[in-house]
Amino acid sequence: MRVRLIGIGPGGPDDLTVAAVRALESVDVFLVADKNRGVDDLVEVREDILRRHTSGAHRVIVVADPPRDRNPDRYGDEVRDWHAARAAAYESVLLEQVRDDETVGFLVWGDPSLYDSTIRVVDRILGRGNVRFDYDVVPGVSSVQLLAARHRLVLNTIGGPITVTTGRRLMRDVAGGAANVVVMLDGGLACADLEGRWNIWWGANLGTSDEELVDGPLAETLPVIREARIRAKRARGWVMDTYLLRRD
């Protein structure tokens, strides 16, 4: 058995590399997590990618995604528990519904190396010792790359660092001296609590036909960003946003 983790970009069906397209065509079975959130558009985007970039000679197995606790006091433990439950669910499918001579594909949003759990989950499956396979990782275009392209940005300053973090950690990282920050996974717009003068380059649902882009001084653009988030969610049922903050 062979497993392929394929980065498919942040949402646009054409934001795949040539290597990713070739990898899709090599897959016999795609395992797709169903989060059961009532947001069907994410499934449709994956189906559109497969229609555009494969011959259709594959099957898709939908795997119910295990529920995840949302307790901020035990964030690390609950994420690890969720990964373990995911590994068990995928292992069951691999043992019962996939032949030993088949290639299995996971479609990974953005790039598998950045704020995605699939590599960790696959390593957990192997660690359980009940199924054996080789796997490889095909990189994808991340939302960070697409954000920079849309805003025509160089992410780092000359000779300076770039911090990539989450909304949950933003205030802590800024307090530690970060002044050039890419923020992901921030549904609450933690940047609204920043003090001082900052500029922001923001994007939501990048690569889709309903993407939203805003840039300017943080204090002035926050109301515009909030309105854009509402539009994005109304259009697709979900919002995936990323932004760059730079201290003025």
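Residues numbered from 1 in each chain as written. Predicted model: local features only at pLDDT ≥ 70, side-chain atom pairs only at ≥ 80, totals over all residues. Heavy atoms only, no water.

Caption draft 1: Molecular detail of the packing of aromatic side chains. Across all of its chains, the model carries one aromatic pair by this definition. Measuring from ring centre to ring centre gives 5.0 Å for Y90 and F106, while their planes differ by 85°; the resulting arrangement is edge-to-face. Pair noted here: Y90 is in helix 3 (residues 75–97) and F106 is in strand 4 (residues 103–108), with a separation of 16 residues, a long-range link. A residue is classified by how much of its surface remains accessible, and F106, at 4% relative accessible area, is buried. (Phe/Tyr/Trp six-rings, centres within 6.5 Å; stacked < 30°, edge-to-face > 60°. Helix = DSSP H or I, 4+ residues; strand = E, 2+ residues; numbered from the N terminus. Buried < 20%, exposed > 50% of the residue type's maximum accessible area, 1.4 Å probe, protein only.)

Caption draft 2: Geometry of the pattern of salt bridges. In the structure shown here, the tally under the stated rule is 18 salt bridges. Taking the shortest distance from any N to any O, the salt bridge between R150 and E211 comes out at 2.7 Å. Taken together, the positions of R150 in helix 5 (residues 143–151) and E211 in the loop between strand 8 (198–204) and strand 9 (212–217) put the pair 61 residues apart, joining distant regions of the chain. A salt bridge links R197 to D248; its shortest N-O distance comes to 3.2 Å. With R197 in the loop between strand 7 (180–184) and strand 8 and D248 in the segment after strand 10 (241–247), this pair connects stretches of sequence that are 51 residues apart. Judged by relative accessible area, which is 55%, D248 ranks as exposed. Salt bridges here are not isolated pairs; linked through shared partners, they connect D14, D48, R51 and R52. (Salt bridge = Lys/Arg side-chain N within 4 Å of Asp/Glu carboxyl O.)

Caption draft 3: Helix 7 (residues 218–236), seen in detail. Given a rise of 1.5 Å per residue, 19 residues ought to cover 27 Å, and the 25 Å separating the end C-alpha atoms of helix 7 matches this to within 8%. Bending of helix 7 peaks at approximately 25° at the position of V224. Of the residues making up helix 7, those classed as buried are L218, T221, L222, I225, A228, R229, A232 and R236. Following helix 7 by one or two positions, G237 adopts a phi angle in the positive range, close to 90°. (Expected span 1.5 Å × (residues − 1). Bend = angle between axes of the 7 residues up to and from the residue.)

Caption draft 4: Structural detail: a nonpolar patch on the surface. A contiguous nonpolar patch, built from Y115, I162, V164 and L185 and spanning about 350 Å² of accessible area, is present on the exposed surface. Positionally, V164 belongs in strand 6 (residues 163–166). Overall, the relative accessible area of 36% leaves V164 in the partly exposed class. (Patch = residues over 30% accessible without salt bridge, like charges linked within 9 Å, V, L, I, M, F, W, Y side chains within 5 Å. Areas by Shrake-Rupley, 256 points an atom, 1.4 Å probe, with all protein chains shown as cover.)

Caption draft 5: Examining the sheet that holds strand 9 more closely. With respect to topology, five strands assemble into an open sheet ordered 6-7-10-8-9, the strand pairing being mixed. Edge positions in the sheet fall to strand 6 and strand 9, since each of these pairs with one other strand and no more. With direction set aside, neighbouring strand axes in the sheet form an average angle of 15°. Pairing of strand 6 with strand 7, which is carried by four bridges, proceeds in the parallel orientation. Of the residues in strand 7, the one forming a bridge with T163 is V181. Together, strand 8, strand 9 and strand 10 form the strand contacts of helix 7, whose direction differs from that of strand 9 by roughly 170°. (Pairing = 2+ DSSP bridges. Axes fitted to C-alpha atoms, helices over the stretch in contact; angles between N-to-C directions. Contact = heavy atoms within 4.5 Å.)

Caption draft 6: The side chain of N180, seen in detail. If you trace the backbone, N180 turns up in strand 7. Owing to a relative accessible area of 7%, N180 belongs among the buried residues under this scheme. Looking at N180, its side chain comes within polar contact range of the main-chain oxygen of P161, at 3.3 Å. At a separation of 2.6 Å, a polar atom in the side chain of N180 contacts the side chain of R246. (Polar contact = N/O pair within 3.5 Å; in protein donor to acceptor, adjacent residues only side chain to side chain.)

Caption draft 7: Geometry of the domain arrangement of the protein. The assigned domain composition of the protein is domain 1 (2–138) and domain 2 (143–247). A separation of 26 Å is found between the C-alpha centroids of domain 1 and domain 2. The partner domain 2 presents 16 residues to the 11 residues of domain 1 that form the contact. Carbon and sulfur atoms make up 68% of the area that domain 1 and domain 2 hide from each other, which totals about 1200 Å². Taken together, the connections running from domain 1 to domain 2 amount to zero salt bridges. Summed over the shared surface of domain 1 and domain 2, the number is zero residue pairs in polar contact (both at pLDDT 80 or more). For the side of domain 1 that touches domain 2, the element with the most residues is helix 2 (residues 41–53), which contributes three residues. Its residues assigned to classes, the side of domain 1 that touches domain 2 comprises seven nonpolar, two polar and two charged. (Domains from an automatic or database assignment. Buried area = accessible area lost by both parts, 1.4 Å probe. Nonpolar A, V, L, I, M, F, W, Y, C, P; charged D, E, K, R; others polar.)

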